Amino acid sequence: REWTQVINGQICVAKVCHNFSKLLEEPKVLFHGSDAKWAKRSTKTGSNRKPTPSTVTDGPYVFKSRLSGELLMIWSTIYSETRLYCVGIARSSGSIYGPWYQDEEPIFIGDGGHGMLFREPSGDLVLSLHVQNANVDKSHPRLFRIEETISETTGKCELLVRDRLSSPISCLD
């Protein structure tokens, strides 16, 4: 549910009918924006007229790691230290219904969000997102090569931004 509707943004899941025209169940909250300790909390006036913590939740994208089998979700919010739009990672033990846990830090901090992950024909993992969120007239897509590894200490999938792709991807030629 959009943070503008519920103040503390929610990432939800619900079953829908085959043509996506209606919900088959009530949405289930997977997590709140405030669950990520790095997410900026602002204050809005709620329906009770009292200041209420407000956290943005935007652009969720679910991804299954080829290396660990983990179910990951990248999502966007405001980073508390820079107040710029960023992309964080939540992870589940395998079920879309969770429980979901937030990584300690976002994967991307740089005024960009609404990310998606895809693989090039070579198998390389790429993050696509929009940047310059602070200046909507200059907003544009940007692509980054992602390194997918397994942490030696936790055994979990790690996604690391390696480099920005400055030329078109081969599959887009």
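All of these numbers come straight from a predicted model, not from anything done at the bench. (Residues numbered from 1 in each chain as written. Predicted model: local features only at pLDDT ≥ 70, side-chain atom pairs only at ≥ 80, totals over all residues. Heavy atoms only, no water.)

S.K.: Is there a simple way to think about the pattern of salt bridges in this case?
M.R.: Close approach of charged atoms allows side chains with opposite charge to pair. Using the criterion set out here, one finds eight salt bridges in the structure. A salt bridge links Glu-70 to Arg-91; the shortest N-O distance between them is 2.8 Å. Pair noted here: Glu-70 is in the loop between β5 (58-64) and β6 (71-78) and Arg-91 is in strand β7 (residues 85-92), with a separation of 21 residues, a long-range link. For Glu-70, a relative accessible area of 11% corresponds to the buried category. (Salt bridge = Lys/Arg side-chain N within 4 Å of Asp/Glu carboxyl O. Helix = DSSP H or I, 4+ residues; strand = E, 2+ residues; numbered from the N terminus. Buried < 20%, exposed > 50% of the residue type's maximum accessible area, 1.4 Å probe, protein only.)

S.K.: Which parts of the structure should I look at to understand the sheet that holds strand β12 (residues 140-150)?
M.R.: In a beta sheet, neighbouring strands are held together by backbone hydrogen bonds and run either parallel or antiparallel to one another. As summarised here, the arrangement of the four strands in space is β10-β11-β12-β13, forming an open sheet in which the pairing is antiparallel. In this open sheet, the two strands that pair with only one neighbour each are β10 (112-119) and β13 (157-164). Neighbour-to-neighbour, the strand axes of the sheet open up by a mean angle of 35°, direction not taken into account. With seven bridges connecting them, β12 and β13 associate as antiparallel partners. Bridge pairing in β13 places Glu-148 opposite Leu-159. (Pairing = 2+ DSSP bridges. Axes fitted to C-alpha atoms, helices over the stretch in contact; angles between N-to-C directions.)

S.K.: Which parts of the structure should I look at to understand the environment of Phe-108?
M.R.: Within the secondary structure, Phe-108 sits in strand β9 (residues 108-109). Classification of Phe-108 by relative accessible area gives buried; the value is 9%. Leave out the neighbours within four places in its chain, and Phe-108 touches Cys-86, Val-87, Leu-129, Val-131 and Phe-144. (Contact = heavy atoms within 4.5 Å.)

S.K.: Got a minute to help me understand the confidence of the model for the protein in this structure?
M.R.: Any residue range with low pLDDT should be treated as having predicted coordinates unsuitable for detailed reading. Looking at the protein, pLDDT values average 82 and 80% of them are 70 or higher. No element of the protein has a lower mean pLDDT than strand β4 (residues 51-54), at 56, and none a higher one than strand β8 (residues 100-102), at 94. This model gives residues 168-173 a pLDDT under 50, and the stretch forms eight contacts once residues within four places in sequence are excluded. (pLDDT = per-residue confidence, 0-100.)

S.K.: Can you help me understand the environment of Val-87 in this one?
M.R.: Residue placement: Val-87 occurs in strand β7. Placed 27 residues apart in sequence, Val-87 and Pro-60 show a C-alpha to C-alpha distance of 9.4 Å. If we skip the residues at most four places from it in the chain, Val-87 touches Ile-74, Trp-75, Ser-76, Pro-106, Ile-107, Phe-108, Gly-112, Gly-113 and Leu-129.

S.K.: Would you mind showing me how to read the nonpolar core here?
M.R.: For soluble globular proteins, the rule of thumb is that nonpolar side chains tend to be buried together. Grouped together as the largest cluster of nonpolar side chains are 16 residues, with contacts concentrated most on Ile-107, Phe-108, Leu-117, Leu-127, Leu-129, Ile-146 and Leu-159. When contributions to this core are tallied by element, the ones reaching two or more residues are β6, β7, β11 (125-131), β12 and β13. Sequence-distant contacts of Leu-159, defined by excluding residues within four places in its chain, comprise Phe-63, Leu-72, Ile-89, Ile-107, Leu-117, Leu-125, Ile-146, Glu-147 and Glu-148. Among the nonpolar cores identified, the runner-up in size contains 14 residues, and Ala-36, Trp-75, Tyr-79 and Trp-100 belong to it. (Core = buried A, V, L, I, M, F, W, Y, C linked by side-chain atoms within 4.5 Å.)

S.K.: Any chance you could explain the packing of aromatic side chains here in plain terms?
M.R.: For any two aromatic rings, the description comes down to two numbers: the centre-to-centre distance and the angle of the planes. The tally for this structure, following the rule as stated, stands at four aromatic pairs. When the centroid spacing of 5.3 Å and the interplanar angle of 55° are considered together, the rings of Phe-31 and Trp-75 count as tilted. Here the residue Phe-31 occupies a position in strand β2 (residues 28-32), and Trp-75 occupies one in strand β6, the gap between them amounting to 44 residues. Trp-75 matches Phe-31 in its accessibility class, with the two residues each being buried. For the ring pair Phe-108 and Phe-144, a centre distance of 5.2 Å and an interplane angle of 50° mean the geometry is tilted. (Phe/Tyr/Trp six-rings, centres within 6.5 Å; stacked < 30°, edge-to-face > 60°.)

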